[in-house]
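Residue-level listing of the chains:
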Amino acid sequence: MLKKTSLALAIATATMLAACGGGGGGGPDNGGGNGNGGSTEVSGPLDTVQNAVSDTVISPLATAAAGTPLQGVLLCADAAVNRNILDIADAFGNGLQNPGTLSAVTPEEAQAAVAALVANLSGLLNSLAGAAGCSGAAGGGSLVPETNPLAGTPLAALGSALLPALSAAQQQLLGASGSSPLSATQLASILAQLSNAFADGLDALPDEVTSAPVVGGLLATVDNALTQLKTISLLGASGASATQIASAFQALVQGVLSDLLTQVLPVADLQNAAGGGASSDLLTTLRDAVASLTAGLAGNPTGGLPSNPLGGSAFAPLSDLVEQFVSLLPNFLGQAGSGSSPLDLANGPIRNLISSLLAPLTGGTGGCLLSFLGLCRST
């Protein structure tokens, strides 16, 4: 288990990773930095599912989007949500091994992951503006952009709301040291600031952003994950019972995994587009599978998940859908203009791809490309 006793070291490490292209581990090499999420900062009960989600869903999507601004947004999803936020959750899971010391041990263990989260949320703002990879504004010891990279775009309100919270969080993290590590109250304060600011920014975004496939789903995923993280950190700071914290831990993990598998991978968009023509409800199937996978965490949060957590039969359609989606994604993205933003790509080529996957096949064969999943719209 990795513990960081010096927040100055954690910030310096996160700064270096953001500047140089991120931690080791999985994820495509895009030449523009892959955030700080490729490696695990905190070892814990969620490690196997973090790796499975990255390898099965996020990395194939990011690889298929190589050379486009969408790749950086997908890398940020893996880095900030699947790695950093679930690493912080792991710190709570580990703390529940000895609940009496959780409020002292968990914040210290989570420090590096919190620092990386600040870097990768900064990187998310940059990637939404079209920057390659998922890198914060490293330089001069700062991970946070000095000005809003989304100014003048439909996403400007998100940057305006989030930047002050990121700057404040960075200062709080830098204020901690080996002799005075992050406290439970400081951890809760940082995560609450980030969650509240992100929610405020998201609420102010126009429908063209929030309804956009992949991009809108990713923003909703980050928002939901930060909200759950705020809840568990406030419980930890207030001395809540182990039962309450374990329940919040289970809810956080279930929500994050469900969103990553159905919002970042646009299953919800596909299901909604298929409408009444679909003969199966893949969205509900996957959400139910995640609920079943994580159901035991409230009662046994330190027990860990299976070595192949997405290997159950209910997850079987997942790899088939990813394979079909990513096989066509490069061609559709390649039809966009060179100046397209991630939002342009979501509302243009990705919407067209979703429509193509559900459109009736020509030549009298019937069905659609996703007929094997029961996802065809009515003719």
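Above this note sits the structure.
Here the structure is a predicted model, which is why all the values come from computation and not from measurement.

A.B. asks: So, unusual backbone geometry: which residues are in play, and what are the values?
C.D. replies: Positive phi values are uncommon outside glycine, yet Val214 reaches one of about 65 degrees. Along the chain, the position of Val214 falls in the loop between α7 (207–210) and α8 (215–237).

A.B. asks: Give a description of the side chain of Asn82 that names residues and reports values.
C.D. replies: Residue position: Asn82 is located in helix α3 (residues 70–95). With a relative accessible area of 0%, Asn82 lands in the buried category. A distance of 2.8 Å separates the side chain of Asn82 from the side chain of Asp78, its partner in a polar contact. The residues touching Asn82, leaving out its near neighbours within four places in the chain, are Val49, Gln50, Val53, Ser54, Ala77 and Leu260.

A.B. asks: Now, about the nonpolar core: what can you tell me, with residues and values included?
C.D. replies: Ranked by size, the top nonpolar core spans 118 residues in total, and within it Leu117, Leu121 and Leu219 carry the most contacts. Ranked by residues supplied to this core, first place goes to α3 with 14 residues. The residues touching Leu121, leaving out its near neighbours within four places in the chain, are Ala80, Leu162, Leu166, Leu194, Val222 and Leu226.

A.B. asks: How would you summarise the state of the cysteines if you had to cite specific residues and measurements?
C.D. replies: Inspection of the entire model under this criterion finds two disulfides. What pairs with Cys76 in a disulfide is Cys134, and their sulfur atoms sit 2.1 Å apart. Judged by the sign of its S-S torsion, about 110 degrees, the bond between Cys76 and Cys134 is right-handed. With Cys76 in helix α3 and Cys134 in the loop between α4 (102–128) and α5 (156–175), this pair connects stretches of sequence that are 58 residues apart. What pairs with Cys368 in a disulfide is Cys376, and their sulfur atoms sit 2.1 Å apart. Measuring the twist about the S-S bond at about -90 degrees, one finds the Cys368-Cys376 disulfide to be left-handed. Of the residues examined, Cys368 reaches a relative accessible area of 3% and is grouped as buried. The exposure class of Cys376 is buried, given its relative accessible area of 13%.

A.B. asks: Outline helix α12 (residues 316–334), listing residues and values.
C.D. replies: The principal kink in α12, of about 30 degrees, is found at Leu328, preceding the proline Pro330 by one to four residues. Within α12, the full set of buried residues consists of Pro317, Leu318, Leu321, Val322, Phe325, Val326, Leu329, Phe332 and Leu333. Where the residues of α12 are buried, they touch α2 (47–64), α3, α9 (242–264), α10 (267–274), α11 (282–294) and α13 (342–358).

A.B. asks: Can you explain α11? Please cite residues and give values.
C.D. replies: Taking 1.5 Å per residue, 13 residues should reach 18 Å; α11 reaches 18 Å between its end C-alpha atoms and fits that length. Taken as a whole, α11 has its buried residues at Leu282, Leu283, Leu286, Ala289, Val290, Leu293 and Thr294. For α11, the buried positions fall inside an angular range of 135 degrees around the axis, keeping them on one side. Of the surrounding secondary structure, the elements contacted by the buried residues of α11 are α2, α9, α10 and α12.

Calculation notes
Residues numbered from 1 in each chain as written. Predicted model: local features only at pLDDT ≥ 70, side-chain atom pairs only at ≥ 80, totals over all residues. Heavy atoms only, no water. Helix = DSSP H or I, 4+ residues; strand = E, 2+ residues; numbered from the N terminus. Buried < 20%, exposed > 50% of the residue type's maximum accessible area, 1.4 Å probe, protein only. Polar contact = N/O pair within 3.5 Å; in protein donor to acceptor, adjacent residues only side chain to side chain. Contact = heavy atoms within 4.5 Å. Core = buried A, V, L, I, M, F, W, Y, C linked by side-chain atoms within 4.5 Å. Disulfide = S-S within 2.5 Å. Bend = angle between axes of the 7 residues up to and from the residue. Expected span 1.5 Å × (residues − 1). Arc of directions from axis to C-beta.

Honestly, it's all geometry; don't read function into it.
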